[in-house]
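Structural description and commentary
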Amino acid sequence: MNMNMIDFFEALFQYEFLQKALFTSVMVGVICGIVGCFIILRGMSLMGDAISHAVLPGVAISYMLGISFFFGAVITGVLTAIGIGYVSQNSRIKHDMAIGIMFTSMFAVGIVIITLMKSSADLYHILFGNVLAVRMSDMWITVGIGVLVIGLVTLFYKELLVSTFDPTMAQSYGLPNKWIHYALMVVLTMVTVASLQTVGIVLVVAMLITPAATAYLLTNRLSVMIYLSAFFGIIASVFGLYFSFIYNLASGATIVLVSAFMFAMAFFFSPSQGLVWKALKARKNRAELMR
Amino acid sequence: MEKKLKNPAIFVDDLSFHYGEKNVLEHVTMEVKQGSFLGLVGPNGSGKSTLIKCILGLLKPQQGSVSLFGEKVQKFNKWEKVGYVSQKANSFNTAFPATAFEVVSMGLFGKVGLFRFLKSSDKEKVWDALKAVNMEAFANRNIGELSGGQQQRIFIARALVSDPELLILDEPTVGVDIESSESFYKMLKNLHRENKMTLVLVTHDVGVMTNYVTDVACLNKQIHFHGNTKEFEESSSENMSAFYGHHVHVIHHDHDHE
C-alpha cells in the first residue's frame, strides 16, 4: 500500500498525463458536487440520470462531425429535457414514465450511431470514462465549464435557493421557475460533458447524487452542504484516480466506489442522521425508561 | 400614510376563470379596502385558492381583471408590498436543509434584488419578524424539525419580513393543531391593529374567524355575500344554509371578544 502510494506520487510528478487526469477529476468532483446538491434537493435524481444518458447521441454526432462534444451534448440534452416536459404535460403519461421512455430511447440512438461508426473502443470510453487519456482540450473544456457553473451558482444562489425550497413562493416573487428548470438542465448537460472523460456517461449520475447525498446527511444548511458535497467530490476523484492507476481499473468505477464508501460511512455514522447513533440513542433511552 | 383617495388594496373586477370546461369562478367582483381584515370563506372547491392565485398574478383569468393598490396586476411590480402565505401542505420542500432564520430571510430576496446579498440591517429585520411570530427561540432549528404550527409561523414571518402592506393567507391553519391556531388568530389581529396591515384570510373555519375579521366575503364560484362582520352575523344562518346547501350553525366563540 505504502509502496503504491509512493509509486503514485512519483508517477504524478513524472507524467503529465497523470497531472492532467488528476486536475480534471478534481474539477469534475467539484462541479458535480455543487450541481448535485440542487439536483437532489429538487427531487431530480432520475432527471439527472436521464439527461446524462441522453447526451450520448449528441456526443456521437459531434464526434462524427469532428466538432467539440460540448455542442452536440447540450443540444440533445436540452431536447430531451424539453421532450420529457412535453410528453408529460400533453398526455396522461406521468413525469417518471416520460423520463424513462425518453432517455432510454436517446441512449439507444446514441449506441446505434456509435456502432455504425465502428468504433467500439470509443464507445467504451464514453460510457465508462478513460481519465488517463484526458487531452489538453478536454481539460480546458472542463475548466471552462467549472468556472461557468461556479459563477452561475454564486450569482443566482438566492434564486436557486428560493425556487428549490418553495416554487410557489418563487413564482409569487416573479422568478421564472420554468427557465430556472431549463437552465439547470443545460448546466446538467455541461456537467455531463465535463465528466465524460473521468467517470463516463453511465456513472455521471453517481457523482451528482452520491457526494451531495452524503453532505445532506451531515448538515442542515444548504451553503454548508454545497461545500461539503464539493469536498466529497474531490476526495472521491483523488482516491478514485489513485485506485484506478494502481490497479488498472476503469476510473469511473473506482471514483464512484470511493464516493459510495463515503456515503455508507455517513449513513451509518453521521452524528445527527446516522443509523448507528440512532440505535445507540434508542437503546440508551430504553435503558433509562427501564430504571 | 394619509392620501386623499386611497386605492383599494385589492380590486377584483368581474373575474371569471375556468380550467378547461370547468368553471371555477364566475363574475367575481370584490373590493378589499386598505386597512381592512377580510375573511374569505367558502366550501372546498369553491375557488378560493384560484381567486387568490389570480389576485397574485399566478394565474391569468380568462375574463375580468385584478388591481392591487390601484394598479393592474400584470403591471404591478411592487411585490414587496404583498406578503403571501400559502397552504402548508402543497408547496414547500420539507426535507430542505435550511434553518428557520434562513427561511425567513428568503422573504427579503424579492427586495434585495439580483446579485446582492443580505446586509446586517436585513438580519435585524429577520429577527424582528421572528419576534412578531414568537419564534426567535427557534431561529437556528431546521425547518423540517418544527411542528406544522411552528412552520406556519415561520412562513408568516417570511411574509412579514419585507414589511408588506397587504398580507394574504390561504388557509394557514390547515393541519395546525387548534391551540396554536387560536393564538395564531390573535397574532393576526395584532398585526392588523398595530401595524395597520391589510389582511386577507382564506378559511373554511367560519366560527372562529368572525371574532377577528372586520369584513367577510363568501365565495362559491360567485360572491354570495360581501359585507362587514356585523352584517354577516345578522344574516349568517340563512346565508350559510343557502350557501353550503344544508343547515349550518355558526358557532360563536365569545371568549375572545374584548
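Counting restarts for each chain, with residues numbered from 1 along the sequence as it is written. Chains carry letters from A onward and ligands carry numbers from 1 onward, assigned in written order. Only residues with pLDDT of at least 70 are given local features in this predicted model, and only at 80 or more are side-chain atom pairs given and counted; all residues enter the totals for whole chains, interfaces and linings. By convention in this description, side-chain values take in all heavy atoms of the structure and omit both hydrogens and water.

**As for the side chain of threonine 192 of chain A**
All names here are of chain A. Under the DSSP-based scheme used, a helix requires at least four consecutive residues in state H or I and a strand at least two consecutive residues in state E, with every element numbered from the N terminus. As for its position among the elements, threonine 192 is in helix α11 (residues 177-195). The exposure class assigned to threonine 192 is buried, which follows from its relative accessible area of 0%. Pairs of N or O atoms within 3.5 Å make up the polar contacts considered here, provided that, within protein, one atom can donate a hydrogen while the other can accept it, and that residues adjacent in sequence are counted only when both atoms are side-chain atoms. Reaching out from threonine 192, the side chain makes a polar contact with the backbone oxygen of leucine 188 at a distance of 2.8 Å. In contact with threonine 192, not counting residues within four places along its chain, are Ser52, Val55 and Val204. The buried label applies to any residue whose accessible area, calculated with a 1.4 Å probe on protein chains only, is under 20% of its type's maximum; exposed applies above 50%, and partly exposed to all values in between. Note on definitions: a residue-residue contact is assigned when non-hydrogen atoms from the two residues lie within 4.5 Å.

**Comments concerning the packing of helix α4 (residues 56-65) of chain A against helix α6 (residues 95-116) of chain A**
Helix-helix packing is described using two parameters, namely the angle between the two axes and the distance between the axes. Residue and element names in this part refer to chain A. Between N-to-C directions, angles cover 0 to 180 degrees, with each direction set by a line fitted to C-alpha atoms, over the stretch in contact for helices. Where α4 contacts α6, the axes come no closer than 7 Å and their chain directions differ by 25 degrees. Relative to α6, the element α4 is oriented roughly parallel. Between α4 and α6 the crossing geometry is left-handed. For the pair α4 and α6, the contacting residues are Leu56, Pro57, Ala60, Ile61 and Met64 in the first and Met106, Phe107, Val109, Gly110, Ile111, Ile113 and Ile114 in the second. When residues are grouped by polarity, Ala, Val, Leu, Ile, Met, Phe, Trp, Tyr, Cys and Pro land in nonpolar, Asp, Glu, Lys and Arg in charged, and all others, Gly among them, in polar. Considered class by class, the residues forming the contact of α4 with α6 number eleven nonpolar, one polar and no charged. Reported orientations rely on four angle classes, namely roughly parallel under 35 degrees, roughly antiparallel over 145, roughly perpendicular from 65 to 115, and oblique for the rest. Crossings are classed by handedness, with left-handed meaning an anticlockwise turn of the near helix from the far one by less than a right angle and right-handed meaning a clockwise turn.

**Considerations on the interface of chain B and chain A**
The interface of chain B with chain A comprises 28 residues on the first partner and 23 residues on the second. Values labelled buried area give the accessible surface lost by two parts on being combined, using a 1.4 Å probe and summing over both. Sorting the residues of chain B by area buried against chain A places Phe96, Pro97 and Phe109 of chain B first, and these three jointly supply 24% of that buried surface. What counts as a salt bridge is simple: a side-chain nitrogen of Lys or Arg found within 4 Å of a carboxyl oxygen of Asp or Glu. At the boundary of chain B and chain A, one finds two salt bridges. The residue glutamate 102 of chain B makes a salt bridge to arginine 221 of chain A at a minimum N-O spacing of 3.6 Å. Contributing elements (two or more residues each) for the side of chain B that touches chain A: α3 (100-105), α4 (109-112) and α6 (148-160) of chain B.

**Details of helix α1 (residues 48-55) of chain B**
In terms of burial, α1 of chain B is a largely internal element, six of the eight residues being buried. Listed as buried for α1 of chain B are Lys48, Thr50, Leu51, Ile52, Cys54 and Ile55 of chain B.

**Quick look at helix α8 (residues 136-155) of chain A**
Residue and element names in this part refer to chain A. Over its 20 residues, α8 extends 29 Å from the first C-alpha to the last, a length consistent with the 28 Å expected when each residue adds 1.5 Å. Among all positions of α8, only Asp138, Met139, Thr142, Val143, Ile145, Gly146, Val149 and Val153 are buried. Along α8, the residues classed as buried sweep out an arc of 170 degrees about the axis, all on the same side. Within α8, the exposed residues directed more than 90 degrees away from the buried face are Trp140 and Val147. Those residues of α8 that are buried lie in contact with α2 (16-41), α5 (69-89), α9 (157-165) and α11. Multiplying 1.5 Å by the helix residue count minus one yields the expected span of that helix. The arc in question is the one traced by the directions running from the helix axis out to the C-beta atoms.

**Describing the sheet that holds strand β9 (residues 215-220) of chain B**
All names here are of chain B. A pair of strands is labelled paired if DSSP reports no fewer than 2 bridges between them. Read from one edge of the open sheet, six strands run β6-β7-β8-β3-β9-β10, paired in mixed fashion. Of all strands in the sheet, those bounded by a partner on one side alone are β6 (82-85) and β10 (222-228). Neighbour to neighbour, the strand axes of the sheet diverge by 15 degrees on average, direction disregarded. Bridge count between strand β3 (residues 37-41) and β9: four bridges; the pairing is parallel. Within the sheet, the bridge partner assigned to valine 41 lies in β9 and is cysteine 218. Against the sheet, α6 contacts β6 and β7 (166-170), and its axis sits at roughly 165 degrees relative to β6.

**Details of the side chain of threonine 254 of chain A**
Counting through the fold element by element, threonine 254 of chain A comes out in helix α14 (residues 251-269). Those residues in contact with threonine 254 of chain A, other than ones at most four positions away along the chain, are Gly240, Phe243, Ser244 and Leu249 of chain A.

**Digging into the packing of helix α3 (residues 45-54) of chain A against helix α12 (residues 201-218) of chain A**
Residue and element names in this part refer to chain A. Close contact between α3 and α12 brings their axes to 8 Å; oriented N to C, the two are set at 150 degrees. As the angle between them shows, α3 and α12 are arranged roughly antiparallel. Classified by chirality, the crossing of α12 by α3 is right-handed. Between α3 and α12, the contacting residues are Ser45, Gly48, Asp49, Ser52 and His53 on the first element and Ile201, Val202, Val204, Val205 and Ile209 on the second. Taken together, the residues of the contact of α3 with α12 break down into five nonpolar, four polar and one charged.

**Re the confidence of the model for chain B**
Known as pLDDT, the predictor's per-residue confidence is scaled from 0 to 100. Here chain B averages 78 in pLDDT, and 82% of its residues register 70 or above. Taken element by element, the predicted model of chain B shows its lowest mean pLDDT in helix α2 (residues 88-91) of chain B (56) and its highest in strand β4 (residues 63-68) of chain B (90).

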